[in-house]
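Now for the letters of each chain:
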Amino acid sequence: MAEAADFQGTSPSPARRWLRRTGALLAGAPLLAGLCQFSAAVPAQAAAASGSVSVAIDTLSPTVPTDGDTVTVSGTVTNNGKQAVTTAHVGLQVGPELNTRSSIDAVTENEDSLQGTTGSEVGGKYVAKFAKLTPGVAEPFSISVPVDELDLGDPGAYQFAVSLSGETSAQPWDHLLGIQRTFLPWQPDEADTKTRTTFLWPLISTVHMTAETGSNAQQTPVFLDDDLAEEISAGGRLDQMLSLGENLDVTWVIDPDLLASVDAMTHSYRIQGEGDTTIAGTHQALAKQWLARLQKAVEDKEVVALPFADPDLASLAHKGTSVTGSLSHLDEATDVAATTVRTVLHVTPSTDFAWPVNGAVDPSIVKVATSAGADKVIARSDSLQETAGLSYTPSAARPIGGGTTAVVADARLSTAFQGDLTKASSTTLAVQRFLAQSLTLDLQTDKQRSIVVAPQRMPTASQADAMAEAITALQAGNWSQTQKLTAAAAAKPDPEATTKVPAASAYPSSLRRQELPKWAFQQIANTQNKLGNFKVILSYQSRVVTPFGLALNREMSTSWRGRSTEAAGFRRDVEAYLDKLVSQVSLIDKSETKLSGRSATIPVTVQNNLVQGVGHLRLRLTSLSPNRLEIGGSSYYEQPVEVSGGHSQTVKFTTTANANGKASVIAQLYTEDGQRYGKAVRFDVKVTEFTATVMLVIGGGVLLLVLAGFRMYTQRKRAAAREADQNGPDDEAGEAVDGPENPEGPQDRLKEEAGTGSGADGPEQPSDLTADTAAESADPSGTGERVDR
């Protein structure tokens, strides 16, 4: 009896392999050689499972045939074996109807396997014959067959295959050598109940703009590279998305950062070069043309605006919420989204939708997604999976609590266009599989349902081609009708559909590994703090706050997934450029300062190399040895500072020295709210002339002043004494000197006797000098005259 391992497609267990090897050793070399030949034959049989001839279906037209059509299949067959294939022919096989979506998955997994059956060959004249297929040579074929010859029955998705049969020298009989399975959707008449299908058309790119802008009035932006110009050029990815999307009935999902970047290219812009150099951008006309086409394409279509720069909601939820201020960036990104779209495209977008990566959700992601105002989360059915055992795919809308609606995109349809679709054969298979899944979904039930298709965020040009081909066929088919995303979200939910958000443990580990790390959000927060301290001193804050605010949003972009090195470099460059701007307002270094005398002023200069003026700053000068050197009568003193752009200002501080020697001083700028600004400047102040000699000189000067005053006092006292002696003893009789009966007083008499009165010698002159001592008089004293001795 044959062991299970002997059957094709199976392998022996480890224990049986050990027994066989032991038996082979005991049996000897002949048996061992035979066993080796058998072992070598197993891989050959496994390889034969996919056939020695590859069959590629490059076109299948029409993709959805109806009554009276002729189906044309073209492609190539390539002999990958070492032996020539003779008397070969390519035939068409139609299998039974596939009633379930999982059966379509099973066919897809074995699309080129020789194992299993597909159906009977159409045969007859509907074959392509080859006398010989040379190894390594691809031969084209084309077969056209009326749809009536295919014996298609009820509406549904049918397995459809192109096979090659022939002979080889090793097997000289007609046998199957290669096959390619696909699907043929068959819905010749209008379906009784059509599926309402929403297809999202994402217009999203990577980060292209830096935080740097020119110092001119226009603030010329600086781009990381010129890749965006390539994407919007003819044949580029974004040009292809626009060219295809403008002819489709889809919901446009747009990252406003892309619009802002292309709009910036319509004016003067520069591109980073080597080192700190930049070069002028030259694609203004291209950017204007692309934007004009996009404006026309969306003028009557639904537009959904993601938060600016498409922030990574899962990274925020899992790593960013533990860092203070991270969620505020999501609020800012949401606020600027609608404004950007209205300004650039002249349409009002919906900002109610949040779109986590791959539609993968957990409670924390939903909480973050809705924190900025969105009340609808675009999830995917392979994340929010059905657990109620429904026999059909329910509508997309699901109430998940808190007034939030999960719009669950269908995973099979959403992932149909991933992978390499650069080959025509890959595109054909993807389109036919998508259409087969859509038709089978429609035939599941008579209930009216709303289905959403959310493809990958940034499809390649070839993936976009496949998507457009499938959408065109779907919209021309008989089982689907187009619906806007807002309508799908507002549709009545299926009461039996799952509404429970999966736990955090169910979040895919492959996606979690691509998230921004916690330290990335810490770096973003650090840059934000620096920006906050910087902006308060600026006369025109928007020149700095706007470009840096957008740059911080870009640092959290979903587009950094899988590019951790580039993401870290972008964050580092943003912070470094901010540091460079901050350093343009600084204190000029000072050397040692010598202080002459007890008090003096110390000048400190503030330099502003920015193009705009700065203010709301205070310059503080602090003495580290206040007992030796006081500043403004204390250990420190501060003064307000305002400096025009491109200028400097010198601030003077009054100081008082109390002792000889050196005193260290620190100059530091502060913002008005008390935050340190920039680097401090430390310098020494040396008191060199406050000596003993200076004290002696000062003391001697004071002594001379005292002596001079004493001399003046003694001189005046002696003069008064002499005058009293000259008046005589009669003064003591108490007579009035200038009484009424003697109107002419003694002073007047003295003046006359001295010749200075108003006598014959002329009038008295103000500048005339009087005698130090009055002239003596021989006349007796008058009655009542008093003389003070």
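Summary of the structure given here. (Residues numbered from 1 in each chain as written. Predicted model: local features only at pLDDT ≥ 70, side-chain atom pairs only at ≥ 80, totals over all residues. Heavy atoms only, no water.)

1. Side note on the layout of surface pockets
- Of the volumes computed, that of the largest pocket is approximately 750 Å³.
- In this structure, the largest pocket is lined by 32 residues; those nearest its centre are Glu 212, Thr 213, Tyr 577, Lys 580 and Leu 581.
- Among the secondary structure elements, those contributing two or more residues to the lining of the largest pocket are strand 10 (209–213), helix 17 (542–554) and helix 18 (564–582).
- With seven residues, helix 18 is the single largest residue contributor to the lining of the largest pocket.
- Looking at the lining of the largest pocket, its residues break down into 14 nonpolar, 13 polar and five charged. (1 Å grid on protein atoms, 1.4 Å probe; cavity = no way out; pocket = protein on both sides within 12 Å on 5 of 7 lines; lining within 4 Å. Points joined across faces, edges and corners; volume = space filled by probe spheres on them. Helix = DSSP H or I, 4+ residues; strand = E, 2+ residues; numbered from the N terminus. Nonpolar A, V, L, I, M, F, W, Y, C, P; charged D, E, K, R; others polar.)

2. Points about unusual backbone geometry
- With an omega of -5°, the peptide bond running from Ser 61 to Pro 62 counts as cis.
- Tracing the backbone through its elements, the reader meets Pro 62 in the loop between strand 1 (53–61) and strand 2 (70–79).
- Unusually for a residue other than glycine, Ala 309 sits at a positive phi of about 75°.
- Tracing the sequence through the fold places Ala 309 in the loop between strand 15 (303–305) and helix 8 (313–320).
- Of note, the phi angle at His 616 is positive, near 55°, even though the residue is not glycine.
- Residue position: His 616 is located in strand 25 (residues 614–623).

3. Overview of the pattern of salt bridges
- One pass over the full model with this rule turns up 20 salt bridges.
- For the salt bridge of Arg 412 with Asp 105, the shortest nitrogen-to-oxygen distance reads 2.8 Å. Of this pair, Arg 412 sits in helix 11 (residues 411–414) while Asp 105 is found in helix 3 (residues 101–109), placing the two residues 307 residues apart along the sequence.
- Arg 412 sits in the partly exposed class, given a relative accessible area of 34%.
- The class for Asp 105 is partly exposed, based on a relative accessible area of 24%.
- For Arg 380, the salt bridge identified is with Asp 382, shortest N-O distance 2.9 Å.
- What makes Asp 382 partly exposed here is its relative accessible area of 38%.
- In this structure, a network of salt bridges that share partners links the residues Asp 312, Lys 319, Glu 515 and Arg 561. (Salt bridge = Lys/Arg side-chain N within 4 Å of Asp/Glu carboxyl O. Buried < 20%, exposed > 50% of the residue type's maximum accessible area, 1.4 Å probe, protein only.)

4. Points about the nonpolar core
- Ranked by internal contacts, the top residues of the largest apolar core, which has 76 residues, are Phe 534, Phe 548, Leu 619 and Leu 621.
- It is helix 18 that provides the largest number of residues to this core, a total of seven residues.
- By size, the runner-up hydrophobic cluster in this structure holds 60 residues, among which are Met 265, Ala 297, Phe 417 and Ala 473. (Core = buried A, V, L, I, M, F, W, Y, C linked by side-chain atoms within 4.5 Å.)

5. Considering the environment of Leu 619
- Looking at where Leu 619 falls in the secondary structure, it is placed in strand 25.
- Taking the relative accessible area as the measure of exposure, Leu 619 reaches 0% and is therefore buried.
- When the C-alpha atoms of Leu 619 and Val 604 are compared, they prove to be 8.8 Å apart, with 15 residues separating the residues in sequence.
- When neighbours within four sequence positions are excluded, Leu 619 is seen to be in contact with Leu 587, Val 604, Val 606, Tyr 637, Glu 638, Gln 639, Val 641, Val 651, Phe 653, Ala 667, Gln 668 and Leu 669. (Contact = heavy atoms within 4.5 Å.)

6. Some points on the sheet that holds strand 29 (residues 661–671)
- Here five strands make up an open sheet; going across it, the order is 23-30-29-25-27 and the pairing mixed. Every other strand in the sheet has two partners, leaving strand 23 (593–595) and strand 27 (636–643) as the edge strands with one partner each. For this sheet, the mean inter-axis angle between neighbouring strands, taken without regard to orientation, is 30°.
- Where strand 29 meets strand 30 (residues 676–687), nine bridges bridge the pair, whose relative direction is antiparallel. Its bridge partner being in strand 30, Lys 662 is matched across the sheet by Lys 686. (Pairing = 2+ DSSP bridges. Axes fitted to C-alpha atoms, helices over the stretch in contact; angles between N-to-C directions.)

7. What about the packing of aromatic side chains?
- Throughout the structure, instances matching the rule amount to eight aromatic pairs.
- Relative to Trp 201, the ring of Phe 199 lies with its centre 6.5 Å away and its plane at 50°, an arrangement referred to as tilted. No difference in accessibility class separates Phe 199 from Trp 201, as the two residues are buried.
- Each ring, one from Phe 417 and one from Phe 434, has its centre 5.2 Å from the other, and the planes form 40°; the classification is tilted. Of this pair, Phe 417 sits in the loop between helix 11 and helix 12 (424–442) while Phe 434 sits in helix 12; the two residues are 17 residues apart in sequence, bridging distant segments of the chain. Like Phe 434, Phe 417 is buried. (Phe/Tyr/Trp six-rings, centres within 6.5 Å; stacked < 30°, edge-to-face > 60°.)

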